[in-house]
Structure formats: structure tokens, C-alpha cells
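Remarks on the overall topology
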Amino acid sequence: MAENIRMDSHKLIYHPREVAKWLDGENVYPIEIEISPSGACNHRCTFCAVDYIGYKPFFLDKDIILRDVSFLSKKGLKSIICSGEGEPLLNKDLPEMANGIKACGVDVAMSSNAALFTREKAEQCMSAFTWIRFSVASLEEESYYAIQRAPKGDFDKVKKNIKDAVSLKREKGYETTLGVQCLLLPGNADQLENMAEQLREIGVDYLTVKPYSQHLHSDNSFFVDYEKMLELESRLNTYSDDDFKVYFRAGAMKKMHHKKCYDRCLGLPFMTHIDSQGNVWPCVAHIGVDAYKFGNIYENTFEEIWEGEQRKKVTDTLYSLDVNQVCREACRLDEINKYLYELKNPGRHVNFI
């Protein structure tokens, strides 16, 4: 059954102990870490935010990341998302990595373009994942290749792999949530109803439609007037039922090209990013900018990095910057920042609950 997973909101409200520690000034550890198992990618999507990194064939060492996950599971880490710069499944150790993270008592998820998620690969690791989100720009072949710039043949592979994943989930009784994510672009807007219909028939749990957010360093660039596309929400919602949900992220779309209501990124302690070379970054927005690097897990343990002076220095620098100039619009921490800003800046009547 499809569930409401707060796709256009945040879940920090479910971690009040960690938030209380943060309010008390403690050095809290991340609740969630996004890792890049692979720097390489088999697609060259027109919307890729990290094209400027160059799709380099670096692959995160499973033993090093599992060393730190084992430690972090005792410090409050709840989840790892395998995503980042490239296609996670290009890392041959991804299945063992996912199973190892789960064995540490940490939830693990993956974003993938699905082209390499064969049934054989799914049998090796699918049960470890809390969710898998397939990034698919279109289910019409011409548009798919135009936007994702994938090798010929991948369109059919992607459809087959998603169908096989659904079939395996049903056969084995896995609880893994299977979803498809699509960026709303001028080249696919008129195809989303057909996409929703096909995905509901295939049997995935949801389709999420989100806005394109320009990365500061990306060479790819779109300007999309999402105000003119909001009417799509009501049409797409007609495809939702008890087993399939459409998450049309209207809230995120309405925030595009609008000034943020907070003055700095307060959510930095709760989430961080480890790239395919082991570098630790505050978030995806600053990958590759050496001045914002916390450290490297091949050189130091995550504990040493998180407790170190370099991270404190970088964090202080980021706190001094204008979030409306150096951060992406509708970034993943936006709703968390609103929440934390309210906690830090309560009104005069908050005691009248």
C-alpha cells in the first residue's frame, strides 16, 4: 500500500532528542548521510547537477565506509542514501556495501537510473534497501534518450529492470518501497500522465515529480516557469489509489525563485555528504570546492573529521554566507531550515499552546 512519506516536507520532527541536543549546543552527529559509491555514470542527463565534477571513475571503498558506519550507528546515524555524483551500481561492491550498512543497524536507500539494476543485482541486495528511487525522465522513448542521453538500449532495460524489481518484491515479500522520480521539464511535461498510468500498471509504489534546481557550478541550465505547470497536480493526482501514489511537489515548485525566510543553513549538522573519493562535504551544493571540504575518510576517521577544527572552520564560514546567494533553490535542507529557524526564533506567544 502506498503511504504518505512527507515527500514535500521533512522528517526531522521525528528526531526530537537529536534536535534538543542541537538546541543545547551539543556537537550532534548526522542523522542521514548521502554517499557516492561511484563517481562515474553511464548516463549524461541534461539536468545533471554535478556534471562539472566530470564523471570520474572513482569508487568508494566498502571497507572504509563500513568502518565509519559501524561507528556512526552508535552516534545517532539512522540512514545512508547511496546516490551522489554517479550511478551507484557502477561500484561492483554496492550490493555488499548495502547489506553491510543494513547489518550495522542503519537504514539504507538508493537512487539509481535503473539501467544496471538487473534481477540478478536486485536479488543480491534489494532486501537491504528501505527504498529505491529510480530516476527516469520519461517513459516515451524519444524523450527518454533526449533528456537522459543514455546508451541505446537502456530504455528497454530500464523498463524491464523496474518490472523485474516489482516482481521480485512481490515474490519475496520484501518491504522495499519502489518509486520513480522525474524532474518536471519542458521536454516531458506533456507526458507525465502517460508515465503515471504506465507506472501504476507496472506496480511501483509511487511517482514523484519535482522541480529542476540549478546547481551553482553546473554547466547545465534550465529556466522553468513552474507557476504555469502547477495545474498538472490535479490531473496527476487522479492516478493515485490505495497502491500507487503520485507526489507532485508543488510546494517545492512554489519556492523556486523566491527568497528564503532564514538567514543561514542551520540543518548542516543533521546531514552530510561523502563523495566517491572519500571526501566529506557539508552538502551536495559544495562538492568540489576545496575551501568547504571537511576532510577525507581515507586520511582520517569520520569521528576525527566531525570533531576536528577544519569542520568547525568550514561550518563557521558557511554560517556567514548569504544562503540566497550560495545555496540551491528548494534544496533538501530547506524545510528543515525553516523548522530549525522557528525553534531558534520563537514568537512571544509560544507558551500558549
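Scroll up to find the structure this text is about.
Residues numbered from 1 in each chain as written. Predicted model: local features only at pLDDT ≥ 70, side-chain atom pairs only at ≥ 80, totals over all residues. Heavy atoms only, no water.

1. Some remarks on the sheet that holds strand β3 (residues 107–112)
One open sheet accounts for 10 strands, arranged β7-β6-β5-β4-β3-β2-β1-β8-β9-β10; its pairing is mixed. Sheet topology places β7 (245–248) and β10 (295–296) at the edges, where each strand pairs with a single neighbour. Pairing geometry for strand β6 (residues 206–211) and β7, over 4 bridges, is parallel. Following the sheet pairing, L207 is matched in β7 by V246. (Pairing = 2+ DSSP bridges. Helix = DSSP H or I, 4+ residues; strand = E, 2+ residues; numbered from the N terminus.)

2. Here's the deal with the nonpolar core
One finds I35, F117, F134 and L184 to be the most contacted residues of the largest nonpolar core, which totals 104 residues. For this core, the element with the most residues is helix α6 (residues 154–172), which contributes 6 residues. Residues within four places of F134 in sequence aside, it is in contact with S112, A114, F117, I162, A165, L178, G179, V180 and Q181. (Core = buried A, V, L, I, M, F, W, Y, C linked by side-chain atoms within 4.5 Å. Buried < 20%, exposed > 50% of the residue type's maximum accessible area, 1.4 Å probe, protein only. Contact = heavy atoms within 4.5 Å.)

3. Considerations on a negative patch on the surface
Taken together, the side chains of E140, E141, E142, D156 and D190 make up a negatively charged region of the molecular surface. With respect to the helices and strands, E140 occurs in the loop between β4 (129–135) and α5 (141–148). (Patch = residues over 30% accessible without salt bridge, like charges linked within 9 Å, V, L, I, M, F, W, Y side chains within 5 Å. Areas by Shrake-Rupley, 256 points an atom, 1.4 Å probe, with all protein chains shown as cover. Salt bridge = Lys/Arg side-chain N within 4 Å of Asp/Glu carboxyl O. Lys, Arg positive; Asp, Glu negative; His and termini not counted. Charge placed at Lys NZ, Arg CZ, Asp CG, Glu CD.)

4. Section: the packing of α5 against α6
Running from N to C, α5 and α6 cross one another at 105°; their axes reach a closest spacing of 10 Å. Classified by the interaxial angle, the pair formed by α5 and α6 is roughly perpendicular. For the pair formed by α5 and α6, the contact residues are E141, Y144 and Y145 on the first element and D154, F155 and V158 on the second. The class makeup of the residues in the contact of α5 with α6 is 4 nonpolar, no polar and 2 charged. (Axes fitted to C-alpha atoms, helices over the stretch in contact; angles between N-to-C directions. Parallel < 35°, antiparallel > 145°, perpendicular 65-115°, else oblique. Nonpolar A, V, L, I, M, F, W, Y, C, P; charged D, E, K, R; others polar.)

5. Description of helix α13 (residues 334–344)
When we look at burial in α13, the residues that qualify are D334, I336, N337 and L340. Along the axis of α13, the buried positions cluster into a sector of 150°, meaning they face one direction only. Buried-residue contacts for α13 involve α1 (16–23), α9 (250–255) and β8 (271–274). (Arc of directions from axis to C-beta.)

6. Topic: the pairing of β6
The element β6 is largely enclosed, with a buried count of 5 among its 6 residues. Bridge analysis of strand β5 (residues 177–184) against β6 gives 6 bridges, and the strand direction is parallel. The residue bridging V180 from the neighbouring strand is L207, located in β6. Read from β6 through helix α8 (residues 232–237) to β7, the crossover connection turns out right-handed. (Right-handed = clockwise from strand over helix to strand, strands pointing away.)

7. Some points on the packing of aromatic side chains
Across all of its chains, the model carries 10 aromatic pairs by this definition. A centroid spacing of 5.9 Å and a plane angle of 50° characterise the contact between F117 and F134, whose relative ring orientation is tilted. Of this pair, F117 sits in the loop between β3 and α4 (119–125) while F134 sits in strand β4, and the two are 17 residues apart along the sequence. Taken as a pair, F117 and F134 share a single burial class, namely buried. Ring centres of Y206 and Y247 lie 5.5 Å apart, and the angle between their planes is 75°; this geometry places the pair in the edge-to-face category. Taken together, the residues span a long stretch of sequence, with Y206 in strand β6 and Y247 in strand β7 at a distance of 41 residues. Judged on exposure class, the residue Y206 and its partner Y247 are both buried. Three or more aromatic residues link up through ring pairs in this structure, and these residues are Y29, F71, F294, F302 and W306. Above the face of the W131 ring, R133 is positioned so that its terminal group lies 4.1 Å from the ring centre. A cation over an aromatic ring shows up here: K152 above the ring of Y145, its NZ or CZ 4.0 Å from the ring centre. (Phe/Tyr/Trp six-rings, centres within 6.5 Å; stacked < 30°, edge-to-face > 60°. Lys NZ or Arg CZ within 6 Å of the ring centre and 35° of its normal.)

None of the figures reported here should be taken as evidence of function without further support.
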